[in-house]
Amino acid sequence: MTTEEITEYTAERPARMRWAQHAPEVYKAMARLDAAAKQGLDPSLVELVRLRASALNHCAFCLDMHTKDALAAGESVQRIVQLNAWEESKHFYTEKELAAIELTEAVTVLTDGFVPDEVYEKAAKHFEEAELAQLIATIAVINAWNRFGVTTRMVPGHYQPGDFA
């Protein structure tokens, strides 16, 4: 590539604040909650849930982070790319994953003020109660992370897998 062919991207927008530095106890509590929520769940499923909620919430930082984490954990590019069109590409996912993705959408969006019975019942068919409780916790936690990220405009692109381990 010659210097004339270099693409110039727009400038990176700075974060509004580094909330974790200003509220370190909240950050530590969130990290502990995050670790507790995902216990017993398949790591690939956790990343799919995190990615789908982050896309719905428009959290660029979390999309960057969890895409990198999913890839580092062995998830395929194809499944990550198709996740935002999962209803048209169900054949890339297991029935259990689809139930988790659908539950993630229902919990994240809450436009009707509740999670529909059929969505909950579908998830309950694929997850034992303890596992379903962990899944619901994981969905709630990523939604909280997304809200911190979106509100403070955390900057995507710099995270490397293991940065927050």
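What you see is a predicted model; the values in this text were computed from it and never measured.

(A) Quick peek at the pattern of salt bridges. This model, assessed by the stated rule, comprises 9 salt bridges. Residue Glu 105 is joined to Arg 52 by a salt bridge in which the shortest nitrogen-to-oxygen separation is 2.7 Å. On the criterion of sequence distance, the pair formed by Glu 105 in helix α6 (residues 95–109) and Arg 52 in helix α3 (residues 43–56) is long-range, its members being 53 residues apart. Exposure remark for Glu 105: the relative accessible area of 18% places this residue in the buried category. For Lys 68, the salt bridge is made with Asp 64, and the minimal N-O distance between the two is 3.1 Å. Pair noted here: Lys 68 and Asp 64 are both in helix α4 (residues 60–72), with a separation of 4 residues, about one helical turn. Take Asp 64: its relative accessible area is 15%, and that puts it in the buried class.

(B) Looking closely at the nonpolar core. Residues Ala 100, Leu 103, Phe 127, Leu 132 and Leu 135 are the most contacted members of the largest nonpolar core, which totals 14 residues. If one sorts the elements of this core by residue count, α6 sits on top with 4 residues. What Leu 132 contacts, discounting residues up to four positions off in sequence, is Leu 103, Tyr 120, Ala 123, Ala 124 and Phe 127. In this structure, Trp 19, Ala 37, Ala 53 and Cys 62 belong to the second largest nonpolar core, which totals 12 residues.

(C) Unusual backbone geometry, seen in detail. Phi at His 58 takes a positive value of approximately 60°, unusual for a residue other than glycine. The residue His 58 is located in the loop between α3 and α4 in this model. For His 58, a relative accessible area of 66% corresponds to the exposed category. A positive phi is found at Leu 110, a non-glycine position, where the angle reads about 45°. Within the fold, Leu 110 resides in the loop between α6 and α7 (117–126).

(D) Up close: the side chain of Arg 79. Position of Arg 79 among the secondary structure elements: in helix α5 (residues 77–82). Residue classification places Arg 79 among the buried positions, given a relative accessible area of 15%. A polar contact of 2.7 Å, which involves the side chain of Arg 79, links it to the side chain of Glu 97. Once you skip the residues sitting within four places of it in the chain, Arg 79 turns out to touch Ser 44, Leu 48, Phe 92, Tyr 93 and Glu 97.

(E) The arrangement of the side chain of Arg 52 in detail. You can call Arg 52 buried: its relative accessible area is 9%. In terms of polar contacts, Arg 52 uses its side chain to reach the side chain of Glu 105, at 2.7 Å. Here Arg 52 is in contact with Leu 83, Asn 84, Trp 86, Ile 101, Thr 104 and Glu 105, once residues within four sequence places are set aside.

(F) Up close: the packing of aromatic side chains. In this structure the tally under the stated criterion is 7 aromatic pairs. With a centroid separation of 3.9 Å and an interplanar angle of 10°, the aromatic rings of Trp 19 and Phe 148 are classed as stacked. With Trp 19 in helix α1 (residues 19–22) and Phe 148 in helix α8 (residues 129–152), this pair connects stretches of sequence that are 129 residues apart. You can call Trp 19 buried: its relative accessible area is 7%. The interplanar angle of 65° and the centroid separation of 6.5 Å between the aromatic rings of Phe 92 and Tyr 93 together place this pair among those described as edge-to-face. Linked through ring pairs, Trp 19, Tyr 27, Trp 145 and Phe 148 together constitute an aromatic cluster.

(G) Structural view of helix α2 (residues 24–37). End to end, α2 covers 20 Å across 14 residues, agreeing with the expected 20 Å (1.5 Å per residue, within 8%). Where the residues of α2 are buried, they touch α3 and α8.

Scoring rules and cut-offs
Residues numbered from 1 in each chain as written. Predicted model: local features only at pLDDT ≥ 70, side-chain atom pairs only at ≥ 80, totals over all residues. Heavy atoms only, no water. Salt bridge = Lys/Arg side-chain N within 4 Å of Asp/Glu carboxyl O. Helix = DSSP H or I, 4+ residues; strand = E, 2+ residues; numbered from the N terminus. Buried < 20%, exposed > 50% of the residue type's maximum accessible area, 1.4 Å probe, protein only. Core = buried A, V, L, I, M, F, W, Y, C linked by side-chain atoms within 4.5 Å. Contact = heavy atoms within 4.5 Å. Polar contact = N/O pair within 3.5 Å; in protein donor to acceptor, adjacent residues only side chain to side chain. Phe/Tyr/Trp six-rings, centres within 6.5 Å; stacked < 30°, edge-to-face > 60°. Expected span 1.5 Å × (residues − 1).

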